[in-house]
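# Report on the structure
The primary structure of each chain is shown beneath.
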Amino acid sequence: MTESLLVVRGLSKRFASADEIVPVVEKLSFTLGQGQSLALTGRSGSGKSTLLNLLCGLELPDAGTITLRDQVFEASGAGAPRKATAWSALRRKHIGVVFQEANLMPALSLLDNVRLRAQLAGRDPAHSEDWLTRLDIGELARRYPDQVSGGQRQRAALAMVFAMEPALILADEPTGSLDRHTSDEVTRVLFDLQARYGCSLILATHDAELAAACEQHLDLGHQRTP
């Protein structure tokens, strides 16, 4: 039996819009095992990005709980700032986030971006250049983000994530800004490394083929698991 890494129970998030309260995530529950992958699908506005923000602690839930590695993150209220701070520390060490646009610091080389991310996670930065090499951009290590292509920047973003040795990767449309060929290559690398190093993956995507590559599927248009 696969050990559970992430357990979500009764998760809800609502936002104020004009004179009404709009539910974006509503009483959502699911479990993700260690090393498993989950695709999040649904139309724009169905709550994919909001759910990822909740899972990494950028948003506080209105109700429900998120448990990662036995640490519980729950609804806003008494002690909410303390809970958010604790989850931020957990995110820094154990949750890697990949955005649609590579989140690189422009004033740092690709290598220094990876080194910094490893250091923030408390990992040894000595292997940072190895990660760039594994992602086929080792020869670009000392270039800056504006000196490489979009696909190369996204590979560097993946190197940053894997250098922190995360338990969980959250990927929000990570290939949405790439052409099909580059998208396929970045996707292949993401799944290969995720499987090789045993981290769990939650992938928000509109791409049916990409969703099908995941072991589990959560359609936020219906907010249910099959």
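Here goes a summary of the coordinates provided. Predicted, not measured: the structure shown is a model, and the values here were computed from it.

### Overview of the nonpolar core
Within the largest apolar cluster, 35 residues are counted, with the highest numbers of intra-cluster contacts made by Leu 110 and Leu 132. Broken down by element, the residue count for this core peaks at 7 residues, all from helix H5 (residues 150–163). Not counting the four nearest positions on each side in its chain, Leu 110 is found in contact with Leu 104, Leu 132, Ile 137, Leu 140, Ala 141, Arg 143, Tyr 144, Pro 145, Val 148 and Ala 156. In terms of nonpolar packing, the next biggest core, distinct from the first, is built from 29 residues, Leu 5, Val 25, Cys 56 and Leu 90 among them.

### Quick look at the layout of surface pockets
The computed volume of the largest pocket comes to approximately 380 Å³. Forming the walls of the largest pocket are 17 residues, and the residues nearest its centre are Val 97, Phe 99, Asn 103, Arg 117 and Met 160. Breaking the lining of the largest pocket down by element, the ones donating at least two residues are strand S6 (95–98), helix H3 (110–120) and H5. Grouping the amino acids of the lining of the largest pocket by side-chain chemistry returns 12 nonpolar, 3 polar and 2 charged.

### Points about the packing of aromatic side chains
Tallying each qualifying case throughout the model produces 2 aromatic pairs. Here the aromatic rings of Trp 131 and Phe 162 are separated by 5.7 Å at their centres, their planes lie at 20°, and the arrangement is stacked. One end of the pair, Trp 131, is in helix H4 (residues 128–134); the other, Phe 162, is in helix H5, and 31 residues separate them in sequence. Under the relative-accessibility criterion, Phe 162 is labelled buried at 2%. A network of ring pairs unites the aromatic residues Trp 131, Phe 162 and Tyr 197 as a single cluster. One Lys or Arg, Arg 134, reaches over the ring of Trp 131 and ends 4.3 Å from the middle of that ring.

### Topic: the sheet that holds strand S4 (residues 63–68)
With antiparallel pairing, 4 strands are arranged side by side in an open sheet as S2-S1-S4-S5. Since the sheet does not close on itself, it has two edges, and those belong to strand S2 (20–33) and strand S5 (71–74), each with one partner. Each neighbouring strand pair of the sheet contributes to a mean axis angle of 20°, computed without reference to strand direction.

### A look at the sheet that holds strand S3 (residues 37–41)
Backbone hydrogen bonds are what pair the strands of a sheet, in a parallel or an antiparallel way. One open sheet holds the 5 strands; their spatial order is S6-S7-S8-S3-S9, and the pairing between them is parallel. The two strands at the open ends of the sheet, each matched to only one other strand, are S6 and strand S9 (216–219). Each strand of the sheet is rotated relative to its neighbour by a mean of 15°, with strand direction disregarded. With 4 bridges connecting them, S3 and strand S8 (residues 200–204) associate as parallel partners. Directly across from Leu 38, in S8, lies its bridge partner Ile 202. Its contacts with the sheet place helix H6 (residues 180–197) against S3 and S8, and it is angled at close to 155° to S8.

What counts, and where the lines are drawn
- Residues numbered from 1 in each chain as written.
- Predicted model: local features only at pLDDT ≥ 70, side-chain atom pairs only at ≥ 80, totals over all residues.
- Heavy atoms only, no water.
- Core = buried A, V, L, I, M, F, W, Y, C linked by side-chain atoms within 4.5 Å.
- Buried < 20%, exposed > 50% of the residue type's maximum accessible area, 1.4 Å probe, protein only.
- Helix = DSSP H or I, 4+ residues; strand = E, 2+ residues; numbered from the N terminus.
- Contact = heavy atoms within 4.5 Å.
- 1 Å grid on protein atoms, 1.4 Å probe; cavity = no way out; pocket = protein on both sides within 12 Å on 5 of 7 lines; lining within 4 Å.
- Points joined across faces, edges and corners; volume = space filled by probe spheres on them.
- Nonpolar A, V, L, I, M, F, W, Y, C, P; charged D, E, K, R; others polar.
- Phe/Tyr/Trp six-rings, centres within 6.5 Å; stacked < 30°, edge-to-face > 60°.
- Lys NZ or Arg CZ within 6 Å of the ring centre and 35° of its normal.
- Pairing = 2+ DSSP bridges.
- Axes fitted to C-alpha atoms, helices over the stretch in contact; angles between N-to-C directions.

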